Structure formats: structure tokens, C-alpha cells
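Here's the letter readout for the chains.
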Amino acid sequence: LAELHLHMYGTIRAEDYLERLGHREVDWRFYESAFERAYGERPRLREILERHRAGDPEARQEFRQLFVFGDADAGNFERFQAKFNLLINGSAMMHAVTGTHADPLPGIAEEIDFFVARVLSDQRRQGIGYAEQRLMFGPPFTNEMARRLSIPILERYAQATRDGMTSRLALSLSRRDPWPDFELVRELALGPHGESVTGVDFCYVEEGFPPKGKAEFFAAVHEFNQRHPTRALAILYHVGESFGDKSLESAVRWVHQAAELGAHRLGHAIALGVDPEVYGEHERSESVAERLDQIDYDLAHAEALRARGVRVDENALFRERDTLRVRRPDEPIVHRYDAARLDEVRLRQEL
């Protein structure tokens, strides 16, 4: 068995997290406020933890319901993040964000080692022979801090590989500016345990960060791979996962463009997989800048789109582009979807 899309802190079991929490006192306001914004009510976490520590057997299952994602948590990225904040809030990682410890790294390193050991044990028990974990440090972690935390993980993975289970690490980079993080990834990939570095990952909020902005970065990764084929890095790119700020056509385009730029694997890409019929007839908006990008895309791919049955009126697109170019890039444009337009989105998904 192989697991190609695992996030380090997304593979932690509720039982292991409860054990890790123990009887520690945690300020849960960060989690509680995000949960209330997303769900409209405050979670019962404090009460559940008190009952669990008092020996109530039902509290463990109630905690699991708060911790594990289910159908009721679907719908938008805000709910996902609010739920995930339960893990982040009680993690030692939070100390680096809040500055509550002068040197939070020893505690974070011990925490990561605890969870890595549990995850590897789970994977062996499930018969997984190959697994790729993704890990994001993000601000305020410097490259030196991330290096000190990554090397022990790579050492554990190297030992796991020697024991017969191939374990790999991909560091998640900032969508806003991936270059500083990429310096560290290259250093680790060329280091003594570089065979355990599988690639670079882009995750978290995708709105506001179109794939076209990563063209230079993608080219740099491909150039690195040509120079170091035995330590080549895969580009793992989350896209088409959350697209409330754009048209359905633009959401599909983002997935296509990430692939065209040379991403080796696309994360989720539900913009291609959700039947447009699910959305029904509705309205949605996107910026003038986004619409202009879509027009350029349709003009560049007009022949392929028509071959799939998508109507492309190039003269109309040229006229629309001229009209939009004099408007503010951030000005919203409203799109109306009827049954015919939803059918065309479906054809685009199959392009």
C-alpha cells in the first residue's frame, strides 16, 4: 500500500492527541473563536476535557467527534481550518506563534518526534510500504528553526526506510513567497538524508495566489531536478480545492494551468471532479483581472475547447477584453449560470 497525500499534523489520531494533552492547561480561545465564526456556536471542548480527565468514558468519543472531520464539516475552507485549529491550538507549535516560550524548539521537537513515531507505527500496522508526509512550518519559523526540526524527522524516515518501509518528507512552502523555504529544501535534499526529501508542497489558502505566479518557481525546481536527478523534487500543488472567489471556468483553468506549468501532482482539484449540476443555477463573481486571465486562456485554447464542444466566440472575447482593460482590476464581475452554461463547464472539466 502507498500513501501519497498525507499532512503530518493531519495524520494524528484523536487518541494520541488526547494522550499528548494530558492534564496540561491550554488557553483555547484561538480555537474557540475560529470555531464560533465558522459554525455559529462555541465548541464544548473545555467541558469534554474536564469529563475525560475525571474518567468519563463517553468524553473520549465526544472529543473524537470534535477532532475528526465529517460530513457536517464540509462546505468551505473556514470550517476546515476552524476544526484543524483544535490540533494547532494545543500543539507546541503554538508557542512559536505566540512567543510564550523563550526557546520553543525543544518542546516542538519532542512533540514532532512523539507524533512521527505514532504515525509510523500506525502505517506499519496498516501494511503501508510507501508514505509521503507533508509538513508546513510557516511564520514565524526561520530557516534555521525549520532545519533543526526537519533533520530529526529525516533521520527517523531514513531508519524506517532501512527497516523496510519507505518514508518521505515534503516541506510545504509559502504561496506568497516560496523562495526562502526552497533554499532550505535544496539544502536538505542534497544533505546526508536527502533521499528522504520527496518534494515541495503548496497548500493552505489558494485564493489570491494563481498558479501563473509560480511559473518562475516551477522552472527553478525543474532546473534543480536536471542538475540533481538522483535528488529530484516533485512539485505537489493543491489547486481547485477552494474557489469561492472566481467563476467555475476560472477554477477549472487554475487546475489546468498548474498542470501546464509542470506540477507533478495536483492536490484535490475538486474543481474538475464536482459535477456542475451540484451548484445548480446560481450567480458568482470574480475580479476583472481574473476574467481577463480567463479570456486570454480561452483565446489560447480556442481550438481545443471547440473540439470538446465548448463555444468560443473569439471576436466577442476580443471585444470584452478591450472593454475590461479600462476597468479596475479588482472590480467584481457577476457571472450567471444556467443549465447550458453548467453543461459547458462540464465539458471544460473533461478537456
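Report follows, based on the coordinates. (Residues numbered from 1 in each chain as written. Predicted model: local features only at pLDDT ≥ 70, side-chain atom pairs only at ≥ 80, totals over all residues. Heavy atoms only, no water.)

What follows is about the pairing of strand β5 (residues 234-239). The side chains of a regular strand alternate, first on one face of the sheet and then on the other. Burial within β5 is extensive, with six of its six residues counted as buried. On β5, burial covers both faces: A234, L236 and H238 on one face and I235, Y237 and V239 on the other are all buried. In terms of strand pairing, strand β4 (residues 197-202) meets β5 through four bridges, oriented parallel. Across the sheet, F202 pairs through a bridge with Y237, a residue of β5. The parallel pair β4 and β5, bridged by helix α10 (residues 215-227), forms a crossover whose chirality is right-handed. (Buried < 20%, exposed > 50% of the residue type's maximum accessible area, 1.4 Å probe, protein only. Helix = DSSP H or I, 4+ residues; strand = E, 2+ residues; numbered from the N terminus. Pairing = 2+ DSSP bridges. Right-handed = clockwise from strand over helix to strand, strands pointing away.)

It is worth spelling out the packing of aromatic side chains at this point. Summed over the entire model, instances satisfying the criterion amount to 19 aromatic pairs. For the pair Y9 and F115, a centre-to-centre distance of 5.9 Å together with 70 degrees between the ring planes defines the contact as edge-to-face. Taken together, the positions of Y9 in the loop between β1 (2-7) and α1 (14-21) and F115 in helix α7 (residues 105-125) put the pair 106 residues apart, joining distant regions of the chain. As far as burial versus exposure is concerned, Y9 and F115 are alike and both buried. Ring plane angle 25 degrees and centroid distance 5.8 Å describe the contact between F63 and F67, whose orientation is recorded as stacked. (Phe/Tyr/Trp six-rings, centres within 6.5 Å; stacked < 30°, edge-to-face > 60°.)

Their axes nearest at 9 Å, the elements helix α4 (residues 57-67) and helix α5 (residues 77-89) cross at an angle of 120 degrees. Taken together, the axes of α4 and α5 are oblique relative to one another. Side by side, α4 and α5 meet where F63, Q65, L66 and F67 of the first sit next to K83, L86 and L87 of the second. Class assignment for the residues of the contact of α4 with α5 results in five nonpolar, one polar and one charged. (Axes fitted to C-alpha atoms, helices over the stretch in contact; angles between N-to-C directions. Parallel < 35°, antiparallel > 145°, perpendicular 65-115°, else oblique. Contact = heavy atoms within 4.5 Å. Nonpolar A, V, L, I, M, F, W, Y, C, P; charged D, E, K, R; others polar.)

The element β4 is largely enclosed, with a buried count of six among its six residues. Pairing of strand β3 (residues 166-173) with β4 involves five bridges; the strand directions are parallel. Bridged to L173 within β4 is F202. At this point the chain moves from β3, through helix α9 (residues 179-189), to the parallel β4, and the crossover so formed is right-handed.

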